[in-house]
Amino acid sequence: MSLKIHIANSKSDKRLADDIVVKNHSYVASSRTVGRVIKYLIYYDNSVVGTFWVGSGFKPTPKAILSYFNKSQSEFDKMFNTVADNKRYCMIKKIPNLGTQILKKIRNRVRDDWFEKYSDNLLAIVTTIGDDKKGSVYLADNWEIIGKTSGLPKNRNAVSMKWNSKEEINSNYVKPTGENKKKILITTKLGLDKNREIGYYNSISDSF
């Protein structure tokens, strides 16, 4: 039994990663992303069994993430490209105990992959899951639950900056109610680049 993980670099590999998500992802069946993204293909016994994507985070940054790094939004913006978001994690087959092995292998290589592609030093990966989900596969890999997103309004009325007046936009504004809140998990336990000093990454976050 062998587990291998490769970056989808070729057009055909990227198309394969996209197809896995579109056909199998349970709640974000879309291959569209904004900003940076690295798409991994997961092989088990020489067969593709899933894909894992890391990419740019989202704004405004959830308060739980700002609190974790003890940064204001403007301060966090300066280190935005050092914290990646787990965009997709989608499996074609359910294989017992494979999930945490995948997370470990990706954690151990993602720093190198991120630096090689984007020349930024990755400090952490965050992910969000439904508030009703436990996130067992992440917790088994020692990811930490740090809070929740604010959620969406229950009755959001569509407005247009082009067609609606300022008064109409203000009247349609609805404060978040907590609907569709998601748990936020994070890991900073990323493998070190063998070509850098071990203490190098420990000092990066202090420089922002």
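The sections below set out a description of the structure shown in this document.

About the cut-offs
Residues numbered from 1 in each chain as written. Predicted model: local features only at pLDDT ≥ 70, side-chain atom pairs only at ≥ 80, totals over all residues. Heavy atoms only, no water. Helix = DSSP H or I, 4+ residues; strand = E, 2+ residues; numbered from the N terminus. Contact = heavy atoms within 4.5 Å. 1 Å grid on protein atoms, 1.4 Å probe; cavity = no way out; pocket = protein on both sides within 12 Å on 5 of 7 lines; lining within 4 Å. Points joined across faces, edges and corners; volume = space filled by probe spheres on them. Nonpolar A, V, L, I, M, F, W, Y, C, P; charged D, E, K, R; others polar. Expected span 1.5 Å × (residues − 1). Buried < 20%, exposed > 50% of the residue type's maximum accessible area, 1.4 Å probe, protein only. Arc of directions from axis to C-beta. Patch = residues over 30% accessible without salt bridge, like charges linked within 9 Å, V, L, I, M, F, W, Y side chains within 5 Å. Areas by Shrake-Rupley, 256 points an atom, 1.4 Å probe, with all protein chains shown as cover. Salt bridge = Lys/Arg side-chain N within 4 Å of Asp/Glu carboxyl O. Lys, Arg positive; Asp, Glu negative; His and termini not counted. Charge placed at Lys NZ, Arg CZ, Asp CG, Glu CD. Pairing = 2+ DSSP bridges. Axes fitted to C-alpha atoms, helices over the stretch in contact; angles between N-to-C directions.

## Quick word on the environment of A124
- Looking at the secondary structure, you find A124 in strand β5 (residues 124-130).
- As a C-alpha pair, A124 and R107 span 17 residues in sequence and 9.2 Å in three-dimensional space.
- Excluding its chain neighbours within four sequence positions, the residues that come into contact with A124 are F69, T82, V83, A84, I186, T187, T188 and L190.

## Section: the layout of surface pockets
- Of the pockets and cavities examined, the largest pocket occupies roughly 1,300 Å³.
- Taken together, 39 residues form the lining of the largest pocket, with H25, Y27, T128, I129 and Y138 sitting closest to its centre.
- For the lining of the largest pocket, the secondary-structure elements that each account for two or more residues are β4 (83-91), α4 (98-118), β5 and α5 (136-140).
- Residue contributions to the lining of the largest pocket peak at seven residues, all from β4.
- Considered class by class, the residues forming the lining of the largest pocket number 17 nonpolar, 14 polar and eight charged.

## Comments concerning helix α1 (residues 11-24)
- For α1, built from 14 residues, the straight-helix expectation of 20 Å at 1.5 Å per residue is met to within 8% by its first-to-last C-alpha distance of 20 Å.
- A17, D18, I20 and V21 are the residues of α1 that are buried. For α1, the arc enclosing every buried residue in end-on projection is 155°, short of the 170-degree limit, so these residues lie on one face. Across from the buried face of α1, at angles greater than 90 degrees, the exposed residues are K11 and K23.

## Details of a positive patch on the surface
- On the surface, a cluster of positive charge is contributed by K11, K14, R15 and K117.
- By the element assignment, R15 lies in helix α1.
- With a relative accessible area of 49%, R15 lands in the partly exposed category.

## Here we look at the sheet that holds strand β2 (residues 37-44)
- Spatially, the seven strands line up as an open sheet ordered β1-β2-β3-β4-β5-β7-β6, and their pairing is mixed. With partners counted over all chains shown, the strands left at the sheet margins are β1 (3-7) and β6 (144-148), one partner each. For this sheet the average axis-to-axis angle between neighbouring strands, irrespective of direction, equals 30°.
- With five bridges joining them, β1 and β2 adopt antiparallel strand pairing. Its bridge partner lying in β2, I5 is registered against I42.

## Side note on unusual backbone geometry
- For the peptide bond that leads from K59 to P60, omega is -5°, which places it in the cis range.
- Of note in the backbone geometry, D45 takes a positive phi value of approximately 55° without being a glycine.
- Along the polypeptide, D45 turns up in the loop between β2 and β3 (47-55).
- Despite not being glycine, N142 shows a phi value in the positive range, around 70°.
- In this structure, N142 sits in the loop between α5 and β6.
- N142 gets classed as exposed once you look at its relative accessible area, which sits at 51%.

## Comments concerning the pattern of salt bridges
- In this structure the tally under the stated criterion is six salt bridges.
- A salt bridge links R109 to D113, with the nearest nitrogen and oxygen atoms 2.6 Å apart. Of the two residues, R109 and D113 are both situated in helix α4; the distance of four residues between them amounts to about one turn of the helix.
- Given a relative accessible area of 25%, R109 falls into the partly exposed group.

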